[in-house]
Amino acid sequence: MFYRGLSLFYLFIFLSVFSFAREKTYTVVNYTTDNGLPQNSITGIQFDRKGYCWLGTQMGLVRFDGQRFTVFESDNIKGLRSDRIFNVTHDAAGNIFAATGGILNILRVDDNASPDAATPRLITQPDLEIPDQGSAVPLSFMKTIAHDTAFQIEYGTSQFNLYLLQSAAGYYITSSQIIKFALKGNPGYHNTVLVDESLALLRAGGITAIWTNGVLQNNIRLEGPLWSDPEFKRGNFTTLNRGGAYIYAGKKLYRLHLNHNTLSSESLFDGIEIPAVSCAYFDKKNNKWYIGSAVSGLFVLTPSDFYTPQTPDISGNQGFHSQTVTNEGILSQDILYRKDGTTKKCPLTTQVKAVWYDTAKKGLYYAPNLMLERIDLATGHSKAITPLASHLSAIYPNPLHRDTFIFSTSFSIGKVTHDTLIAEKRIPGLIEGQELFASYPQGNDTFLLATWSGVKWYDFKNNKLYRSILDSLTIRQLYAEQPQRIWIASYGKGWYLYDNGHIHRLPDGPSHALKTVNAIIDDGRGYFWLSSNDGLYKVSKQALLDYAAGQSEHVFFYAFTTKDHLPTNEFNAANPSYVWTSDSMLSLPSIKGLVWFYPHKIHLSLPNQGIYLEHIYIDEKETNIDSTLVLKPDHGRLTLLVSSPYFGNPENMRLQFKVEGLEKDWHAVPANGEIIIDRIPAGEFSLVVRKISGMEASAYTQLVLPVRVTPFWYRTTIFNLLLCFFIIAMVYWFIRLRTRILRNRNRKLKMQVTIQTRDLHRMVNKLKQSEEALKQSNQTKNNIITTVLHDLRSPIRFLHTISKWVASDHARMKPEALNVHLEELKNSTASLNSFTDQFFTWALSQHDTFSASYTEIDLHELFKKIEILYTDIIQASANQLIVVPTDVHLETDWDILSAVMRNLLDNANKNTTDGTLTLAAYRTNEYTVITVSDTGKGFDAESLKAFLNKDKTDRRKGNGSFIVLQLLDLIGGKIIADSEPGKGTTFNIMIPHRNEARDNMPDGSDQQPTEH
């Protein structure tokens, strides 16, 4: 098997007949050894069930898929003793067989329903006979006349019966009878032909005899062109019995039919020279002729659906742009083309880009030299209508008014009625570089405009553009299928669908051929025909809509190129870019002339055969599979050769592949059908090869090959089980090791317990010491209580004495003395009340749950209350209280601050006689300072230090300072004292502002004071 790039020689044969409808042209492709045939003698042609073409040659049996030839010979078929194939035929069941000459071998083509490509195999015990020409017949037919061994001619009929001819006698053999008949003339393969069950012996210009079912027929009538063919009359003809009853005479091929006693002939093609014709096969499905030559290989003839009328030399370089249908034919530039093949030169200016023929007036409208005019093609007389400011871009009848036509120029749109201009308006907003290429009526006085700067909607009545899309593109053509569904063709930037306000980019087609679309043609049967700069394409409209809606990923574009008998792949754009004739013929302009065809009659050769696997190579070694391809984990390059029989334009079959489960993207299969995959990881996958096989989006044909890549040994189940066993063993060993470690840790833990027990004893001793300290603290509190009771006893005894004295002698006392004693009693009770308030406040502060209650305090108000409370007491000591007015406010605990101030003021009064006590306050940046000063005894340095010491343990000398200092700690305050013996003492109570007070609080400076 091998592949060679096909360098095909295309022959275009023009058969000139009277009318276009009867004219036939063929594309002829000749395959020889230059294209992959092993040898140029073709001895038989057949097609199998999978669609492959099988050719018999003198150097093997050849399988042809439309692109590549694969040769089967003695080198690759075990047991085959000869490569010379003398006949390729079929039996009644449709099985294909080939027989070799010399040493007889019979090959059968296996074309069963499997994913493998059809291949031949050698039949070791054949049960059939392969005659020299015609169909295969049962082997028993030959055995019935085994005594007659020498036959010059063997024919298998279409009903699988057998003709055997000798020089003077012949045999007709069926399953039930043998008929022997006498021969006339000198029969040979050159002058005998098998027509169904009839054998005809020909002579120059006629026939010698005809036997039907072995019986001689009389009074045979001859009909058809063969019998008058000059070459046939001269005896220059070849009979073909492989594939049908054909006569090739000169350059013509005829097919024979026998109906009753009439032998008729049918001309199939003319003017095609095929040297040494040997066999013929007609592929009805694809409408192709396969003609074998004994010396020149294989000829494939495809009738063309396209016709290009000849252009007279006088027309010069026409360019073939605009065209219009007239009463006589199709006018393009200055040439009128008729369907009978004749042309007519018209008195027109060439290179016209827009024309319109009015069949009613029999006049042509166009604009030579910027003058819109009507010309009578018969007389050449013209009538000027209106001058134009720019080139005419489009002209067409008004669909709403029969007597009016519309024209557009590069920058304007106008209307003409009865050859009189009734309105022309320059389109606002169109400037140089944004010219109008074509206009299309969309409604009453509304138009769609194809411009060099996008698609625009134009209101002619109000002369305004009211919508614009795709402004960056040069638009060539528009097709408004519906008001809100517009198909748009651009120049070089693809084509688009505008559907209900949404713009969809449509596929660029094969080889990006549709980046420039010159015409979008709706054939009225659900398909678009697209002319481009690189071929003509047919596509399903619904498939495009599904693609735009996101319902499909691919669209199939059926391509027509020069391989389909187009004169060129490059079409032109004009206005109009196409015209229909009354008999549904379509005419398109191209750079090499007009292209005529009937879209509804064109035969599509769809790539709808299956995809088959030819060979699989792993590391360049061929391998066979049953159903699943199993690969080793370290496999090297995987190469698969696939094929799909297709005999149409190669542009229409595009194979793709991917490894499903490994990747998402599809890859193009190379033209040689070779798929190369370097490495697939371990796992279950599917190699999928597919192609679009029909015009609709869902028409796919695919080949699915399951692939299993075995894992490396260390990823197998056995390895995993061994690994699990190893892990379990390791866990067991780890547990034992862990147990040993835990035991060691237990011993160490015991040692640590011993050590910690010793430390615990030490801790107990420390706790005992703490207990002793607590007892000492309790003792201190007891001392305080004792001291407090001691301090209370004297004033209480004094109160008792005074009250007793007053109670017993008040009747004898003078009022002045009584008032003195009552005043003393009042002062003593006030002093006692003050002391108890201070002590009570201190006692409350000793609770664990105690917290200062912060409120805003007006010091002037606090000073006044203290003044009212202490005025009498102070005056009793012959002292004077001075309260300095203040407007200072601060935020602190009223009770605590009041207790501190009363304590200090009381002590100052006790230690001052006939002196002055002063209360004042002021603020600094950090503190509110409250001053309590007196002119009393004062402190010496040691006494002042003892007074301010919070840690003193001997409280028998007084508890006032201890209480004051503890209370101040609660609100973050402190005392700064200045004293001089004999002159007095000044106490400065320093209360920080609220934030500082929080920071200065003892035992947890971060605690936020709370209000209660």
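This structure is a prediction, so every number in the text was calculated from the model and none was measured. (Residues numbered from 1 in each chain as written. Predicted model: local features only at pLDDT ≥ 70, side-chain atom pairs only at ≥ 80, totals over all residues. Heavy atoms only, no water.)

Enquirer: Just checking my understanding: could you explain the overall build of the chain for this structure?
Expert: In terms of helices and strands, the chain carries ten helices and 72 strands. For the chain, the residues scored as buried account for 50% of the 1012 residues in total. Relative to all contacts within the chain whose residues are 6 or more apart in sequence, the contacts with residues 24 or more apart total 54%. Here the chain displays about 49,700 Å² of accessible surface, and carbon together with sulfur accounts for 51% of that area. (Helix = DSSP H or I, 4+ residues; strand = E, 2+ residues; numbered from the N terminus. Buried < 20%, exposed > 50% of the residue type's maximum accessible area, 1.4 Å probe, protein only. Contact = heavy atoms within 4.5 Å. Areas by Shrake-Rupley, 256 points an atom, 1.4 Å probe, with all protein chains shown as cover.)

Enquirer: What is the right way to look at the pairing of strand β16 (residues 169-173) in this model?
Expert: Every other side chain in a regular strand lies on the same face of the sheet, so the side chains alternate between the two faces. Counting buried residues in β16 gives five out of five residues, a clear majority hidden from the surface. Taking every second residue as pointing to the same face, both faces of β16 are buried, with Ala169, Tyr171 and Ile173 on one and Gly170 and Tyr172 on the other. As defined by bridge partners, strand β15 (residues 162-165) adjoins β16 across four bridges and the pair is classed as antiparallel. In the strand pairing of β16, Leu162 is matched with Ile173. Here β15 folds back onto β16 in antiparallel fashion, the turn holding three residues. Here β16 pairs with strand β17 (residues 178-182) via five bridges, running antiparallel. Residue pairing for β17: Ala169 is matched across the bridge by Ala182. (Pairing = 2+ DSSP bridges.)

Enquirer: How should the nonpolar core be read in this particular structure?
Expert: Side chains that are nonpolar tend, in soluble globular proteins, to be buried together. Formed by 41 residues in total, the largest nonpolar core has its most connected members in Leu859, Leu897, Met901, Leu905, Leu919 and Ile989. The element best represented in this core is helix α7 (residues 894-910), accounting for eight residues. Not counting chain neighbours up to four residues away, the residues in contact with Leu919 comprise Phe863, Ile866, Leu881, Ile882, Val883, Val884, Met901, Leu905, Thr931 and Val932. With 23 residues, the next largest nonpolar core counts Leu629, Val669, Leu687 and Leu705 among its residues. (Core = buried A, V, L, I, M, F, W, Y, C linked by side-chain atoms within 4.5 Å.)

Enquirer: Just checking my understanding: could you explain the UniProt feature "transmembrane region" (unreviewed entry) in the chain for this structure?
Expert: Following the UniProt record, the feature "transmembrane region" (unreviewed entry) maps to residues 712-735 here. With 79% helix and 0% strand, residues 712-735 has end C-alpha atoms that lie 32 Å from one another. (UniProt positions renumbered as here; feature names shortened; annotations may be inferred.)

Enquirer: What exactly am I supposed to notice about helix α6 (residues 859-876) here?
Expert: Within an α-helix, residues lying three or four positions from one another point in the same direction, as the helix has 3.6 residues per turn. Here α6 spans 25 Å end to end across 18 residues, near enough to the 26 Å set by a 1.5 Å rise per residue. Where α6 bends most, at Tyr870, the angle is about 50 degrees. Restricting attention to buried positions, one finds in α6 the residues Leu859, Leu862, Phe863, Ile866, Tyr870, Ile873 and Ile874. Immediately beyond the C-terminal end of α6, within one or two residues, lies Ala878, with a positive phi of roughly 60 degrees. (Expected span 1.5 Å × (residues − 1). Bend = angle between axes of the 7 residues up to and from the residue.)

Enquirer: Would you mind showing me how to read the sheet that holds strand β48 (residues 495-499) here?
Expert: The strands making up a sheet are joined through hydrogen bonds of the backbone, oriented either antiparallel or parallel. Strand order in the open sheet made by the four strands is β46-β47-β48-β49, with antiparallel pairing throughout. Here the strands that pair on one side only, and so sit at the sheet edges, are β46 (475-482) and β49 (502-505). Strand-to-strand, the axes of this sheet are offset by a mean angle of 20 degrees, without reference to chain direction. Its contacts with the sheet put helix α3 (residues 541-548) on β46, β47 (485-490), β48 and β49, and the angle it makes with β47 is roughly 90 degrees. (Axes fitted to C-alpha atoms, helices over the stretch in contact; angles between N-to-C directions.)

Enquirer: Even after reading the chapter, I still don't get α3, so can you show me in this structure?
Expert: With six of eight residues buried, α3 is to be regarded as a mostly interior element. Among all positions in α3, only Lys541, Ala543, Leu544, Leu545, Asp546 and Ala548 are buried.

Enquirer: Sorry, what's going on with empty space enclosed by the protein here?
Expert: Leftover empty space is mapped by rolling, across the atoms, a probe with the size of a water molecule. On inspection of all chains with the given rule, the structure shows three cavities of 30 Å³ or more. Every residue lining the largest cavity is listed: Asn398, Pro399, Leu400, His401, Ile406, Lys415, Pro441, Gly443, Asn444, Asp445 and Phe447. In this structure, the second largest cavity spans a volume of roughly 40 Å³. Breaking the lining of the second largest cavity down by element, the ones donating at least two residues are β60 (638-643), β64 (683-692) and β65 (700-709). (1 Å grid on protein atoms, 1.4 Å probe; cavity = no way out; pocket = protein on both sides within 12 Å on 5 of 7 lines; lining within 4 Å. Points joined across faces, edges and corners; volume = space filled by probe spheres on them.)

Enquirer: Looking at this model, I keep getting lost on the environment of Ile247. Mind explaining?
Expert: Mapped onto the secondary structure, Ile247 falls in strand β24 (residues 246-249). Residues Ile247 and Ser265, 18 residues apart in the sequence, show an inter-C-alpha distance of 9.0 Å. Setting aside anything within four residues of it in sequence, one finds Ile247 in contact with Leu202, Leu226, Phe232, Phe237, Thr238, Thr239, Lys252, Leu253, Tyr254 and Leu256.

Enquirer: Teacher, can you tell me more about unusual backbone geometry here?
Expert: Trans is the prevailing form of peptide bonds, just as negative phi is the prevailing case for residues other than glycine. Note the cis peptide between Asn575 and Pro576, where omega equals 0 degrees. Relative to the elements of secondary structure, Pro576 occurs in the loop between β53 (557-560) and β54 (579-580). In the Ramachandran plot, Asp419 falls in the positive-phi region, its phi being about 60 degrees despite a non-glycine side chain. For Asp419, a relative accessible area of 8% translates into the label buried.

Enquirer: I keep staring at the packing of aromatic side chains and nothing clicks. Help me out?
Expert: Describing an aromatic ring pair means giving the distance of the ring centres and the angle of the ring planes. Throughout the structure, instances matching the rule amount to 41 aromatic pairs. Taking 5.5 Å as the distance between ring centres and 75 degrees as the angle between the ring planes, the aromatic pair formed by Tyr31 and Phe69 counts as edge-to-face. Linking Tyr31 in strand β2 (residues 25-31) with Phe69 in strand β6 (residues 69-72), this pair joins segments that are 38 residues apart in sequence. An aromatic cluster of three or more residues is present, and its members are Tyr31, Phe47, Phe64, Phe69, Tyr281, Tyr290 and Phe647. Across from the ring centre of Trp457, 4.8 Å away, lies the NZ or CZ of Arg467, which sits over that ring. For Lys601, the ring lying beneath its charged end belongs to Tyr598, and the centroid distance is 4.5 Å. (Phe/Tyr/Trp six-rings, centres within 6.5 Å; stacked < 30°, edge-to-face > 60°. Lys NZ or Arg CZ within 6 Å of the ring centre and 35° of its normal.)

Enquirer: When you look at the pattern of salt bridges in this model, what are you seeing that I'm missing?
Expert: Should their charged atoms come close, side chains of opposite charge can pair. Evaluated as defined, the whole model comprises 30 salt bridges. In this structure, Lys339 and Asp583 form a salt bridge, with 2.4 Å as the shortest nitrogen-oxygen distance. Of this pair, Lys339 sits in the loop between β32 (335-337) and β33 (343-345) while Asp583 sits in the loop between β54 and β55 (586-590), and the two are 244 residues apart along the sequence. Its relative accessible area of 33% is what places Asp583 among the partly exposed residues. One salt bridge in this structure joins Asp508 and Arg505, with 3.1 Å as the shortest N-O distance. According to the relative accessible area criterion, Asp508 is buried, its value standing at 15%. Judged by relative accessible area, Arg505 falls into the partly exposed class, the value being 39%. (Salt bridge = Lys/Arg side-chain N within 4 Å of Asp/Glu carboxyl O.)

Enquirer: I'm lost on the sheet that holds strand β8 (residues 96-100) in this one. Help?
Expert: The strand order β7-β8-β9-β10 describes an open sheet built from four strands, whose pairing is antiparallel. The two strands at the open ends of the sheet, each matched to only one other strand, are β7 (85-90) and β10 (119-123). Sheet twist, expressed as the mean angle between neighbouring strand axes with direction ignored, is 25 degrees.

Enquirer: Explanation requested: the confidence of the model for the chain in the structure shown.
Expert: Interpretation of this model should avoid reading the predicted coordinates in detail wherever pLDDT is low. Residues of the chain with pLDDT of at least 70 account for 87%, and the chain-wide mean is 86. Below a pLDDT of 50 lies the segment residues 1-22, which in the model reaches 66 contacts outside its immediate sequence neighbourhood of four places, other chains included. Confidence over residues 953-958 falls short of pLDDT 50; this stretch has seven contacts with residues more than four positions distant or in other chains. (pLDDT = per-residue confidence, 0-100.)

Enquirer: Just checking my understanding: could you explain the side chain of Lys538 for this structure?
Expert: Note on placement: Lys538 falls in strand β52 (residues 535-540). Buried charged residue Lys538 carries no salt bridge. Nearest counter-charge: Asp523, at 4.7 Å. Setting aside anything within four residues of it in sequence, one finds Lys538 in contact with Asp523, Tyr527, Phe528, Trp529, Phe556, Phe557, Tyr558, Phe560, Leu604 and Met695. (Lys, Arg positive; Asp, Glu negative; His and termini not counted.)

Enquirer: Can you walk me through the packing of α6 against α7 in this structure?
Expert: A pair of packed helices is characterised by two quantities: the angle between their axes and the separation of those axes. Closest axis-to-axis distance for the α6/α7 pair is 11 Å, and the angle between their directions is 35 degrees. Considering the relative orientation of α6 and α7, their crossing is right-handed. Across the interface between the two elements, Leu859, Glu861, Leu862, Phe863, Lys865, Ile866, Leu869, Tyr870, Ile873 and Ile874 from α6 touch Trp894, Leu897, Ser898, Met901, Arg902, Leu905, Asp906 and Asn909 from α7. In terms of residue class, the contact of α6 with α7 is built from twelve nonpolar, two polar and four charged. (Left-handed = near helix turned anticlockwise from the far one by under 90°. Nonpolar A, V, L, I, M, F, W, Y, C, P; charged D, E, K, R; others polar.)

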